[in-house]
2 protein chains.
Amino acid sequence: MARTVAERTDIIPVLAEIFREHGFEGASLSIIGEKTGLGKGSLYHFFPGGKEEMAAAVLHEIDTWFENNVYRPLREAQNPRAAISGMCGAVIDYFHSGRRICLVGAFALDNVRDRFTDQIKDYFSDWKTALAAALQRAGHDEAKASELAEEAVISIQGGLILSRALGEPTLFERAMKKAEERLLT
Amino acid sequence: MARTVAERTDIIPVLAEIFREHGFEGASLSIIGEKTGLGKGSLYHFFPGGKEEMAAAVLHEIDTWFENNVYRPLREAQNPRAAISGMCGAVIDYFHSGRRICLVGAFALDNVRDRFTDQIKDYFSDWKTALAAALQRAGHDEAKASELAEEAVISIQGGLILSRALGEPTLFERAMKKAEERLLT
DNA sequence: TAAATACTTTACCGATTAGTACAGTATAGA
DNA sequence: TCTATACTGTACTAATCGGTAAAGTATTTA
């Protein structure tokens, strides 16, 4: 039989988009099979734990992406203000200017939240602490840095919801610009 | 047979909590039957359109609640600043200090978003315009009022997500206090 | 080239899904 | 009290769900 996919890692971004579009429960194995081009046999070969393992793998990939492209730059860049600015740009790109939802945020509101509690919690908590660290290095005291970081993450998540709900991608870009202003002044 | 529920309207709040807890797809008819104490026969008697009609009825009830308790007071109260302050209190109560999610926001991220596009859109759009109207009557120009209103609704939705994700109800109260400050200064 | 491993296809399982049909019972109005 | 309507319980459908089993075919390793 023809080999369709060489690497398990190639499937994960496809799974991510499926979960974004249909949610965890709505992402049936038939949809997954259709969009990945893989039969059930192959899917359970790569993910013996079934849908739950697929979603966990997606969340893990999201986590490493943010660690590499958002959290670590915030913690380690020489210029913290440039790193914060860079974060805002990376976020706009990642969420396709508000046309793409945040899977972790969606899971947090979904009934699967209990199955992925820790991964969801870490995502937001890591983001907050990394951003607060950059803000502190930019001159804010600990309390103010934590407050500003929390506000920014809130604005991102809320902006994604409203942007999606109203069908206005520009809303998200506006919210990000506002958030960046508040972080840098 | 014993009559269990007198009014269709009595069931809707129960349905709302079920959808909040399990999502639209996750709210199976067996769960709904169990929590409402109604058999399928009764459920389809009250809601011939099935789950979709149930969810639509819940969204409609939410809309009228916000119209009566949030939007209209914002539009019509003599003292707009007091009305804004009242809105913040009502919102904290309604969402149980962040322990309760916003069903409309959850639907906006879910795969049912396409089935209830208009009701979701109206919810956020009505909220924005009502709050902007109050802000204008409080002295802001149209552009600034619209900007502040959008920011506030964003903070509410984002606050609910983070509060839920991190398991910190105090986060939502903090976000609401911040939002109120920004609206009233 | 031969054997071991990696991947795929197909067929199947029991459980659950939303929804329908309909007979039966309770209630309300005349 | 009789009748019409409102409501409920039970049984049923066809479809789909996530998951399993196992035989078959590639690909890699020795």
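Use the structure listed above.
Criteria and cut-off values
Numbering of residues begins from 1 in every chain and follows the order in which that chain's sequence is written. The lettering of chains begins at A and the numbering of ligands begins at 1, in the order of writing. Given that this is a predicted model, residues contribute local features only at a pLDDT of at least 70 and side-chain atom pairs are listed and counted only at 80 or more, while totals for whole chains, interfaces and linings are drawn from all residues. Side-chain measures here rest on the full set of heavy atoms in the structure, leaving out hydrogens and waters. What sets the superposition is a least-squares fit of C-alpha atoms, and only residues with pLDDT of at least 70 in both copies go into it. The contact rule is simple, with two residues in contact once any of their heavy atoms fall within 4.5 Å. Think of a 1 Å grid over just the protein atoms. A cavity is a set of points where a 1.4 Å probe fits yet cannot get out, a pocket is an open set with protein on both sides within 12 Å along at least five of seven lines, and lining residues have an atom within 4 Å of a point. Grid points are joined across faces, edges and corners, and a volume is the space filled by probe spheres set on the points. Strands are runs of DSSP state E lasting at least 2 residues, helices are runs of H or I lasting at least 4, and numbering of each runs from the N terminus. Residues are grouped as follows: nonpolar covers Ala, Val, Leu, Ile, Met, Phe, Trp, Tyr, Cys and Pro; charged covers Asp, Glu, Lys and Arg; every other residue, Gly included, is treated as polar. A simple rule labels every residue: compare its accessible area, found with a 1.4 Å probe on the protein chains alone, to the largest value its type can have, and call it buried under 20%, exposed over 50%, or partly exposed in between. As used in this record, nonpolar core signifies buried Ala, Val, Leu, Ile, Met, Phe, Trp, Tyr and Cys residues forming a set joined through side-chain atoms within 4.5 Å. Salt bridge criterion: a side-chain nitrogen from Lys or Arg within 4 Å of a carboxyl oxygen from Asp or Glu. Expected span of a helix, by definition, is 1.5 Å for each gap between consecutive residues, and there is one gap fewer than residues. An arc is given here, and it is the one of the directions from the helix axis to the C-beta atoms. Counted as a polar contact is a pair of N or O atoms within 3.5 Å, where, for protein atoms, one must be capable of donating a hydrogen and the other of accepting one, and residues adjacent in sequence contribute only when both atoms are in side chains. The term buried area means the drop in 1.4 Å probe accessible area that two parts suffer when joined, counted for both and summed.

**Q** Help me understand the relation of the copies chain B and chain A, please; the structure alone is not making it clear to me.
**A** The second copy of the chain is related to the first by a rotation about an axis and a shift along the axis. Once chain B has been moved 0.0 Å along the axis and rotated by 180°, it coincides with chain A to within an RMSD of 0.0 Å. Here the copies are linked by what is in effect a two-fold axis. Rotation axis and chain B: the residue whose C-alpha lies nearest the axis is Gly158(B), separated from it by 1.9 Å. A share of 100% of the interface residues of chain B reappears at the interface of chain A, consistent with the copies meeting face to face through the same patch.

**Q** Whenever I open this one, the layout of surface pockets confuses me. Can you help?
**A** One way to see where empty space is left: roll a probe the size of a water molecule over the atoms. Estimated volume of the largest pocket: approximately 200 Å³. Along its surface, the largest pocket is lined by 13 residues, and Glu150(A), Glu151(A), Arg174(B), Ala175(B) and Lys178(B) are the ones closest to its centre. Counting residues per element, the ones that place at least two in the lining of the largest pocket are α8 (142-166) of chain A together with α9 (169-184) of chain B. Within the lining of the largest pocket, the residues separate by chemical class into two nonpolar, two polar and nine charged.

**Q** Could you clarify how one ought to interpret unusual backbone geometry in this entry?
**A** Most peptide bonds adopt trans geometry, and most residues besides glycine take a negative phi value. At Ser97(A), a residue that is not glycine, the phi angle is positive and equals roughly 55°. The residue Ser97(A) is located in the loop between α5 (80-94) and α6 (103-109) in this model. For Ser97(A), a relative accessible area of 12% puts it in the buried group. The backbone phi angle of His96(B) is positive, close to 50°, even though this residue is not glycine.

**Q** Quick question: what am I supposed to make of the nonpolar core here?
**A** Side chains of nonpolar character tend, in soluble globular proteins, to be buried together. One finds Phe95(B) and Trp127(B) to be the most contacted residues of the largest nonpolar core, which totals 136 residues. Sequence-distant contacts of Trp127(B), defined by excluding residues within four places in its chain, comprise Phe66(B), Val70(B), Tyr71(B), Met87(B), Val91(B), Phe95(B), Asp122(B), Val153(B), Ile156(B) and Gln157(B).

**Q** Honestly, the environment of Gln119(B) in this entry has me stumped. Any pointers?
**A** All names here are of chain B. Here Gln 119 lies in helix α7 (residues 117-137). Residues Gln 119 and Ala 77, spaced 42 residues apart in sequence, show a C-alpha to C-alpha distance of 25 Å. If near-sequence neighbours (up to four positions away) are discounted, Gln 119 is found in contact with Ala 56, Leu 59 and His 60.

**Q** Help me understand the pattern of salt bridges in this model?
**A** Think of it this way: side chains of opposite charge can pair up when their charged atoms draw near. For the structure shown, the criterion picks out 30 salt bridges over all chains. With a closest N to O distance of 3.8 Å, Glu151(A) and Lys178(B) form a salt bridge. Of this pair, Glu151(A) sits in helix α8 while Lys178(B) is found in helix α9, placing the two residues in two different chains. What makes Glu151(A) buried here is its relative accessible area of 11%. Look at Lys178(B) and you get partly exposed, because its relative accessible area is 22%. One salt bridge in this structure joins Glu17(B) and Arg20(B), with 3.1 Å as the shortest N-O distance. Taken together, the residues span about one helical turn, with Glu17(B) and Arg20(B) both in helix α1 (residues 8-26) at a distance of three residues. With relative accessibility at 7%, the residue Arg20(B) sits in the buried group.

**Q** So what exactly am I meant to see when it comes to helix α5 (residues 80-94) of chain B here?
**A** One turn of an α-helix holds 3.6 residues; hence residues three or four places apart share an orientation. Residue and element names in this part refer to chain B. For α5, built from 15 residues, the straight-helix expectation of 21 Å at 1.5 Å per residue is met to within 8% by its first-to-last C-alpha distance of 20 Å. Of all the residues in α5, the buried ones are Pro 80, Ala 83, Ile 84, Met 87, Cys 88, Ala 90, Val 91 and Tyr 94. In a view along the axis of α5, the buried residues occupy a sector of 165°, so they form one face of it. The opening residue of α5 is Asn 79, an N-cap whose side-chain oxygen sits 3.1 Å from the backbone nitrogen of Arg 81. Two residues or fewer past α5, His 96 is found with a positive phi of approximately 50°.

**Q** Would you explain α7(B) in this entry?
**A** Residues and elements named next belong to chain B. Spanning 21 residues, α7 covers 30 Å between terminal C-alpha atoms, matching the ideal 30 Å at 1.5 Å per step. Of the residues making up α7, those classed as buried are Ile 120, Tyr 123, Phe 124, Trp 127, Lys 128, Ala 130, Leu 131, Ala 132, Ala 134 and Leu 135. Positioned one or two residues after α7, Gly 139 has a phi angle of 120°, which is positive.

**Q** Looking at this model, I keep getting lost on the interface of chain B and chain A. Mind explaining?
**A** Size of an interface, as often reported, equals the accessible area lost when the parts are brought together. At the junction of the two partners, chain B supplies 37 residues and chain A supplies 37 residues. Across the interface of chain B and chain A, roughly 3,200 Å² is buried in total on both sides, 66% from carbon and sulfur atoms. For the chain B face of the interface with chain A, the top three residues by lost area are Leu109(B), Ile154(B) and Ile161(B), together amounting to 19%. Our count for the contact surface shared by chain B and chain A stands at eight salt bridges. Between the two partners, chain B and chain A, sit 10 residue pairs in polar contact (both at pLDDT 80 or more). Considering each element in turn, the side of chain B that touches chain A owes the most residues, 14 residues, to helix α8 (residues 142-166) of chain B. Considering only residue class, the side of chain B that touches chain A consists of 14 nonpolar, nine polar and 14 charged.

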